[in-house]
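# Structure assessment
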Amino acid sequence: MRTQVAIIGAGPAGLLLSHLLARGGVSSVVLETRSEEYVGARIRAGILEHSSVELLTSVGLGSRLRSLGEQHRGIYLQWPGSRHHVDFMSLTGRSVWVYGQTEVQKDLVAARSADGQEIHYSVSGVVIGDDFVKFTDSSGSVRQLDCDVIAGCDGSFGPSRHAIPSPQVYEKVYPYSWLGILADVAPSTDELIYAWHPNGFALHSMRSATVSRLYLQVPAGTDPSSWSDDRIWDELAARLGHGQNGWKLTPGPITDKSVLPMRSHVQTPMRHRNLFLAGDAAHIVPPTGAKGLNLAIADVALLSRALIARIVSGDTTLADSYSDDALRRVWRCTHFSWWMTTMMHASGDPFDAQLQLSQLRWVATSEAGATGLAENYAGLPIGF
Ligand code: APR
Ligand code: PHB
């Protein structure tokens, strides 16, 4: 087998990269260890930044997003007794879209199959060489895929990042996790609520007019089955301020319950010879601020341009600067996600709590403070 770019991983980074490369006349083959059904059913965050929406729309992936997704002007920031709307549109002229990653994945799979993209699901034994990838296909045959470039889009558990020799690894693990639920109930809010509370952080998000997504800060290592449905709704009601100023949280049947660990992780460089990393393969952010998917999209926007220039025109300038270019945005989002996380989560230390409340009051009520949050949340332009 031979292709120009061997893409490891069929998550959003890998599939969007294959889409952007095809538009630039570059061939690719995608290899994925999981089945198509498994990859399509994973539940992840669902907020798209302004520039992610612009990019997806500009490459023909915006029609379901714009009909099923919901455009939000901003978010609510709250702490006991106060709720403030931070209006990204009026502060920065940019908005965000609520559109589940499961839907982004569906759009990508549909677009790639319409284009005849070669994707091998359920592969195993992936070995990365300098200009080839070896793997065992779903029928058990060992195959070799020769290529000019390898794109490591295989998430944080894949082999690509281990193929970069002597990387620098930066990591921070937080002492809390999120207990996340999906519930068949209309959201009790028009836009997302990020709530600081002495019991711990809570977030009210949503997937559609009839499906809500909510989260509670819990200690790291919590077993989701130790939280009954009633206990979850009671705690969400307390932390989100049910009954304050007439606001009510409507509970409903919980259809999914899981615990998400929280860490920040960056590995540099994002390139070694012909191997380029993108998305979770190179960096993980905690979910506060929903940057993971948006960073993966920004990486592949840069990487596709760099690879098209290198392969089609023989110009290696963008490929040579890819790691530095991508890392500028990666570190901005790593800082923003860490900042939102540490501002919103209870640590149990009363000094920290007073600093958090002071910071929240400033961010929610000063135009300068709110603009900083808005600019980072709604997202900087691709190429920042
Ligand atoms: N060979 C092939 N594929 C692999 C291998 C391997 N050895 N190991 C892992 N993979 C696949 C995983 O099964 C997964 O489908 O790589 C894919 C990586 O996809 P994601 O984890 O979704 O990562 P990415 O595409 O970078 O997306 C980043 O989406 O998943 C969220 O939290 C993530 O929001 C972030 C964004
Ligand atoms: C989600 O809808 O899953 C979500 C939204 C915002 C976040 C994190 C997750 O900050």
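Residues numbered from 1 in each chain as written. Chains lettered and ligands numbered in written order. Predicted model: local features only at pLDDT ≥ 70, side-chain atom pairs only at ≥ 80, totals over all residues. Heavy atoms only, no water.

### Re the site of ligand 2
We apply this condition: Whether a residue is near a molecule or strand depends on its heavy atoms: if one lies within 4 Å, it is near. The term polar contact refers here to a pair of N or O atoms within 3.5 Å; inside protein, the definition further demands a hydrogen-donor-capable atom paired with an acceptor-capable atom, and it admits residues adjacent in sequence only when both atoms are side-chain atoms. Secondary structure follows DSSP: runs of H or I at least 4 residues long count as helices, runs of E at least 2 residues long count as strands, and numbering of each begins at the N terminus. When residue character is reported, Ala, Val, Leu, Ile, Met, Phe, Trp, Tyr, Cys and Pro are called nonpolar, Asp, Glu, Lys and Arg charged, and the others, Gly included, polar.
If you check the shell around ligand 2, you find 15 residues, and the closest are Y194, S205, R207, Y215 and G289. In this structure, G289 approaches ligand 2 through a main-chain N or O atom, which is 2.9 Å from an oxygen atom. When residues of the shell around ligand 2 are traced back to their parent elements, those giving at least two are β15 (202–206) and β16 (212–219). In terms of residue class, the shell around ligand 2 is made up of nine nonpolar, four polar and two charged.

### Considering the sheet that holds strand β20 (residues 283–284)
Picture the strands of a sheet paired through backbone hydrogen bonds; they go either parallel or antiparallel. Filter applied, for reference: Two strands make a pair as long as DSSP finds a minimum of two bridges between them. In what follows, a contact means two residues having at least one pair of non-hydrogen atoms within 4.5 Å. Only the stretch in contact is used when a helix axis is fitted, and all axes are lines through C-alpha atoms; the angle between N-to-C directions ranges over 0 to 180 degrees.
Here eight strands make up an open sheet; going across it, the order is β6-β5-β14-β15-β16-β13-β17-β20 and the pairing mixed. On the outer flanks of this sheet lie β6 (82–87) and β20, each paired with one strand and no other. As paired elements, β15 and β16 share five bridges and run antiparallel to each other. By the bridge assignment, H204 is partnered in β16 with L214. Its contacts with the sheet put helix α7 (residues 229–240) on β5 (74–79), β6, β13 (168–183), β14 (193–195), β15, β16 and β17 (254–268), and the angle it makes with β16 is roughly 90 degrees. Against the sheet, helix α11 (residues 367–378) makes contact with β5, β6 and β14, and its axis sits at roughly 130 degrees relative to β5, the strand it touches most.

### Some remarks on the side chain of R239
Stated formally: Relative accessibility thresholds used throughout: buried, under 20% of the residue-type maximum; exposed, over 50%; partly exposed, between the two (1.4 Å probe, protein chains only).
Structurally, R239 can be placed in helix α7. What makes R239 buried here is its relative accessible area of 5%. One polar contact links the side chain of R239 to the main-chain carbonyl oxygen of N199, over a distance of 3.2 Å. Among the polar contacts listed, one links the side chain of R239 to the backbone oxygen of F201, at a separation of 3.0 Å. When neighbours within four sequence positions are excluded, R239 is seen to be in contact with Q78, A195, H197, N199, G200, F201, A202, L216 and Q217.

### Points about the packing of helix α8 (residues 292–313) against helix α9 (residues 317–344)
The condition that has to hold: Roughly parallel refers to an angle under 35 degrees, roughly antiparallel to one over 145, roughly perpendicular to one between 65 and 115, and oblique to any angle outside these ranges.
The geometry of α8 relative to α9 is characterised by a closest axis approach of 9 Å and an angle of 170 degrees between their N-to-C directions. One element, α8, and the other, α9, form an angle in the roughly antiparallel class. Where α8 approaches α9, its residues L295, A298, D299, L302, L303, R305, A306 and R310 are matched on the opposing element by L318, A319, Y322, D325, A326, R329, V330 and C333. The class makeup of the residues in the contact of α8 with α9 is eleven nonpolar, no polar and five charged.

### Topic: the sheet that holds strand β3 (residues 47–48)
Spatial strand order, β3-β7-β4: three strands in an open sheet with antiparallel pairing. Because the sheet does not close on itself, it has two edges, and the strands there are β3 and β4 (70–72).

### What to know about the packing of helix α10 (residues 350–365) against α11
With their axes 5 Å apart at the nearest point, α10 and α11 run at an angle of 90 degrees to one another. Looking at the two axes, α10 sits roughly perpendicular to α11. Taking contact as the criterion, the partners of W362, V363 and T365 in α10 are, on α11, E367, A368, G369, A370 and L373. Partitioned by chemical class, the residues of the contact of α10 with α11 number five nonpolar, two polar and one charged.

### Section: the side chain of E235
Position of E235 among the secondary structure elements: in helix α7. A polar contact is formed between the side chain of E235 and the side chain of N199, at a distance of 2.9 Å. Every residue in contact with E235, bar those within four places of it in the chain, is listed here: N199, L216 and W227.

### Comments concerning the packing of aromatic side chains
How we decide: Ring pairs shown here join Phe, Tyr and Trp side chains whose ring centres sit within 6.5 Å, with only the six-membered ring taken for Trp; geometry is labelled stacked below 30 degrees between planes, edge-to-face above 60, and tilted in between. The criterion is that NZ of a Lys, or CZ of an Arg, lies within 6 Å of the ring centre and within 35 degrees of the ring normal, and then a charge sits over that ring.
In total, this model carries ten aromatic pairs according to the counting rule given. Between F88 and Y377, the ring centres sit 5.1 Å apart and the planes meet at 35 degrees, which makes this aromatic pair tilted. Taken together, the residues F88 in helix α5 (residues 88–92) and Y377 in helix α11 connect sequence positions 289 residues apart. Taking the relative accessible area as the measure of exposure, F88 reaches 0% and is therefore buried. Taking the relative accessible area as the measure of exposure, Y377 reaches 1% and is therefore buried. A ring pair is formed by F336 and W339, whose centres lie 6.1 Å apart and whose planes are at 35 degrees; its orientation type is tilted. Here the residue F336 and the residue W339 both occupy positions in helix α9, the gap between them amounting to three residues, near one helical turn. Residue F336 is classed as buried on the basis of its relative accessible area of 2%. Note on W339: relative accessible area 17%, which makes it buried. Clustering of aromatic rings is evident, with ring pairs tying together F88, W178, Y194, F201, Y215, F336, W339 and Y377. Of note, R34 hangs over the ring of Y38, and the distance from its end group to the ring centre comes to 4.1 Å. Above the face of the W227 ring, R231 is positioned so that its terminal group lies 3.6 Å from the ring centre.

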